[in-house]
Amino acid sequence: ASGAPAAAPFPVACGLASLRGAEVVQVSDEEGNVWTGESEQDKPLRGDVRKLELRLDPAQYHTDAKAMADGTGADVYQSFNVLLRRKPKENNFKAILEAIRELLTTPLATPPWLHDVLLGYGDPAAAAYWSLPADQRVTKHDFADTFLDLDHVRASFPGCDVRLAPDGADGGADPPPPYRL
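Residues numbered from 1 in each chain as written. Predicted model: local features only at pLDDT ≥ 70, side-chain atom pairs only at ≥ 80, totals over all residues. Heavy atoms only, no water.

Bridge analysis of strand 1 (residues 22-29) against strand 3 (residues 50-56) gives seven bridges, and the strand direction is antiparallel. Counted as the bridge partner of Ala22 is Leu56 from strand 3. Pairing of strand 1 with strand 2 (residues 34-35) involves two bridges; the strand directions are antiparallel. In the sheet register, Ser28 faces strand 2, and the bridge partner there is Val34. The turn linking strand 1 back onto strand 2 is made up of four residues, and Gly32 within it adopts a positive phi angle of 90 degrees. (Pairing = 2+ DSSP bridges. Helix = DSSP H or I, 4+ residues; strand = E, 2+ residues; numbered from the N terminus.)

Below, the structure is given as structure tokens:
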């Protein structure tokens, strides 16, 4: 909302020191039962302890290893404390992981009510518009580079009446992105 103080960028606000992407290959329990999510032979996992086998980003790992060898970087692989895991059939591919990384490292501030949901804990329903206190409800949103053109905006909101603000029109030509709602 306008007039509100600028929030700290997400990494600063949450104390995020580094971010690395990885693909979960399989999960096993303390008895050695393996779950991949893709096989009919997956056994139900037992107990409370889980071992994750990850496929790390080789390019990022190489960069980190070189920085550690040069003495210019720390071993971030010894200090993982947050794992964001999405449903594999929906979006466990590199483009989504890169988008999450970019979102977390963007200079734009992520609203505080979205932090827990974005990190994969907390109640997603708490971030629903109608669940937010009135002073935290977003009345304007800058979509930055989300939309290609005005036709893309209209196609993204089917059944809605998308109109331009009178002060944003210039002689009938559609304004270029970015768009704010």
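As a further point, take the packing of aromatic side chains. In the structure shown here, the tally under the stated rule is two aromatic pairs. Residues Tyr61 and Tyr77 carry aromatic rings whose centres are separated by 5.0 Å and whose planes lie at 55 degrees to one another, so their mutual orientation is tilted. Taken together, the residues span a long stretch of sequence, with Tyr61 in helix 2 (residues 58-70) and Tyr77 in the loop between helix 2 and helix 3 (88-91) at a distance of 16 residues. Owing to a relative accessible area of 16%, Tyr77 belongs among the buried residues under this scheme. Here the aromatic rings of Phe147 and Phe157 are separated by 6.2 Å at their centres, their planes lie at 50 degrees, and the arrangement is tilted. Within this pair, whereas Phe147 is found in the loop between helix 5 (112-118) and helix 6 (150-156), its partner Phe157 is found in the segment after helix 6, the two being separated by ten residues in sequence. (Phe/Tyr/Trp six-rings, centres within 6.5 Å; stacked < 30°, edge-to-face > 60°. Buried < 20%, exposed > 50% of the residue type's maximum accessible area, 1.4 Å probe, protein only.)

Moving on to the pattern of salt bridges. Counted according to the given criterion, the structure contains three salt bridges. Linking Glu31 and Arg46 is a salt bridge whose minimum nitrogen-to-oxygen distance equals 3.8 Å. Of this pair, Glu31 sits in the loop between strand 1 and strand 2 while Arg46 is found in the loop between strand 2 and strand 3, placing the two residues 15 residues apart along the sequence. When its relative accessible area of 55% is taken as the criterion, Glu31 is described as exposed. The partner of Asp161 in a salt bridge is Arg163, with the nearest N and O atoms 3.0 Å apart. The pair Asp161 / Arg163 is uniform in exposure class, with both members exposed. (Salt bridge = Lys/Arg side-chain N within 4 Å of Asp/Glu carboxyl O.)

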